[in-house]
Amino acid sequence: MIRRTHPALSAWAWLVYAFLYLPIMVLVVFSFNDSRFGATWAGFTTKWYGVLFARADVREALAHTLEIALLSTLVSTVLGTLVGLGLWRYTLRFRTALTGLLVLPIVVPDVVMGVSLLMFYSFVRQGLERLGWTFDNGFWTVLLAHVTFQISYVALTVRSRLAGYGPELEEAARDLGATGLQSFTQVVLPLALPGVLAGALLAFTLSLDDFVVTYFASGSGFSTLPVLIYTNVKRGVTPDINALSALLVLVTVVAIVAANALLRPRRDT
Amino acid sequence: MLTVRRFFATLGPGVLWLAAFLIVPALVMLGYSFLTRTDLAQVGTPWTLESWGRVFGYDALFQEWTGDNVRVLWRSVWVATLSTALCVLMGYPLAFYIARQDARRKNLLLLLLIIPFWTNFLIRVYAWILILRPFDLVPSLTATLLGMVYAFVPFFVLPVYSSVEKIDWRLLEAAEDLGATPARAFMTAVFPQTLPGLVAGILLTFIPALGTFVVSDILGGAKTALVGNLIQNQFGQAGDWPYGSALSFLLMGAVLLGLWAYARVAGQKGLEELV
């Protein structure tokens, strides 16, 4: 039931939305500003986009970001989906502990997760050096870190997607002569699929967005876009970073609108 | 029934992964917090409680209590509380506004809320430099607070919104019919129904606000360092891993204690709904 909203409430809501969009608008506007120093307007230009595309470090960081995001999403979607299915299917004696384990990466501050992985990798490295093996922090350490925080999101999304269905669905399939694999691929998986897709999308976005954990897990020779943005911001603002930010905002908007259009009709079925 | 074979076919790989890359690193971190810093970013024996002493303000070198750290911890709690309060002020009414629109508008408004939320965190914080610099507000505590509220307000609105969606408005009508003033009717018939979302929203705002180092690092400067910055510094310039470990453990402990208390009140279902 829809009740009348008070004009003051509407005004407040629009103020909050203005607050949310002000920085994004400013970023986009200043990415077209023909001045090295962002504070004053010196005319319209698209040159910063050219400067941005000419930067090798940006292209490299973009490639890293996408590689990590795609691969970690793939791994965490498989592992997380299996955990979500297990949570749904079995009555577990250790369910509370398992829920706690899954909630942990979501609630523990990311700086804690980042530094603990940094120390863990150093600890493992020291152990392996005694065996004559060695590794540097970089692609693999970041990949493992991303999968670790993604698994929970996928598992919990899949589990809540299946929450409305009972185990009798699988039993019915078995009674009708399906094998275990058939009942899984033809009954359970199609039901879970929207949850799996939503979880994968969430995992992918989290990977693209992550700065803190990547920063600690990556070492000095490897950066993703968020890490690159951080180093640039710390060094002093350059207008081509405005252009990069504006582009990332654009990508986000397109991705969310697309995901919304893709997922909504299925979610309602 | 969950047999060993089925465990390894479903829950097993994920659980083992989390054990290996979440629990083991936490244990390594706990171990490091009792070690001594030998060289820059190097740790070794003897095992000592020195880092833990420093966390609580005792300086083993000068054998005296210093307030420095305690001040940083206190400031972190205070800043997180204040930014959470501002999020409540901004977000609570907004959740009502969104929930009362028709389905089409509701979807659009939620989408508009989620877009900044899913836009890269660093970019969102960085954008405030552009806005606040002309006012000479970077770096400052005000800028940090503003950045935090900006970054975390969507975290707050979403759970409150889902609570408001479920409100049984007939209770409000009943209260009004029985002669309650609008304020009293709201407080007795509506507010309690939003409590689960409110508590979840406060937790989801307070915890990242307590742990962040990015916002205060970019917008706050050295004078307004929070516990997150203190931790980051131990793994960067200061190169004191044992001390950084102890601080991280304290932060994690505080968060887990809060969640445990929340789970006691809200139950397992509440904990699952939080995420």
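Scroll up to find the structure this text is about.
Residues numbered from 1 in each chain as written. Chains lettered and ligands numbered in written order. Predicted model: local features only at pLDDT ≥ 70, side-chain atom pairs only at ≥ 80, totals over all residues. Heavy atoms only, no water.

1. Describing the packing of helix 4 (residues 68-99) of chain B against helix 9 (residues 182-211) of chain B
Residue and element names in this part refer to chain B.
So, point 1. Contact pair helix 4 / helix 9: the axes reach a minimum separation of 9 Å and the direction vectors enclose 135 degrees. Classified by the angle their axes make, helix 4 and helix 9 are oblique. At the point where helix 4 passes helix 9, the crossing takes the right-handed sense. Touching Ser76, Val77, Ala80, Thr81, Ser83, Thr84, Cys87, Val88, Tyr92 and Phe96 of helix 4 are Phe186, Val190, Phe191, Thr194, Leu198, Ile202, Thr205, Phe206, Ala209 and Leu210, all from helix 9. (Axes fitted to C-alpha atoms, helices over the stretch in contact; angles between N-to-C directions. Helix = DSSP H or I, 4+ residues; strand = E, 2+ residues; numbered from the N terminus. Parallel < 35°, antiparallel > 145°, perpendicular 65-115°, else oblique. Left-handed = near helix turned anticlockwise from the far one by under 90°. Contact = heavy atoms within 4.5 Å.)

2. Some thoughts on the pattern of salt bridges
So, point 1. If you walk through the whole model with that rule in mind, you get 7 salt bridges over all chains.
So, point 2. In this structure, A:Arg55 and A:Asp57 form a salt bridge, with 2.9 Å as the shortest nitrogen-oxygen distance.
So, point 3. A:Arg55 sits in the buried class, given a relative accessible area of 17%.
So, point 4. Exposure remark for A:Asp57: the relative accessible area of 31% places this residue in the partly exposed category.
So, point 5. Residues B:Asp240 and B:Arg54 are paired through a salt bridge, measuring 3.0 Å at the closest nitrogen-oxygen approach. You can see B:Asp240 sitting in the loop between helix 11 (227-235) and helix 12 (241-274) and its partner B:Arg54 sitting in helix 3 (residues 50-55), a full 186 residues away along the chain. (Salt bridge = Lys/Arg side-chain N within 4 Å of Asp/Glu carboxyl O. Buried < 20%, exposed > 50% of the residue type's maximum accessible area, 1.4 Å probe, protein only.)

3. Re the interface of chain B and chain A
So, point 1. Each partner contributes residues to the interface: chain B has 87 residues there, and chain A has 90 residues.
So, point 2. Here chain B meets chain A over a buried area of about 8100 Å², counting both sides, of which 78% is carbon and sulfur.
So, point 3. The three residues of chain B that bury the most area against chain A are B:Trp17, B:Trp118 and B:Tyr126, which together make up 9% of that side's buried surface.
So, point 4. Applying the counting criterion to the chain B and chain A interface returns 1 salt bridge.
So, point 5. A salt bridge links A:Lys234 to B:Asp217, with the nearest nitrogen and oxygen atoms 3.0 Å apart.
So, point 6. Summed over the shared surface of chain B and chain A, the result is 13 residue pairs in polar contact (both at pLDDT 80 or more).
So, point 7. Of all the elements, helix 2 (residues 11-32) of chain B adds the most residues to the side of chain B that touches chain A, at 16 residues.
So, point 8. Classifying every residue of the side of chain B that touches chain A gives 66 nonpolar, 12 polar and 9 charged. (Buried area = accessible area lost by both parts, 1.4 Å probe. Polar contact = N/O pair within 3.5 Å; in protein donor to acceptor, adjacent residues only side chain to side chain. Nonpolar A, V, L, I, M, F, W, Y, C, P; charged D, E, K, R; others polar.)

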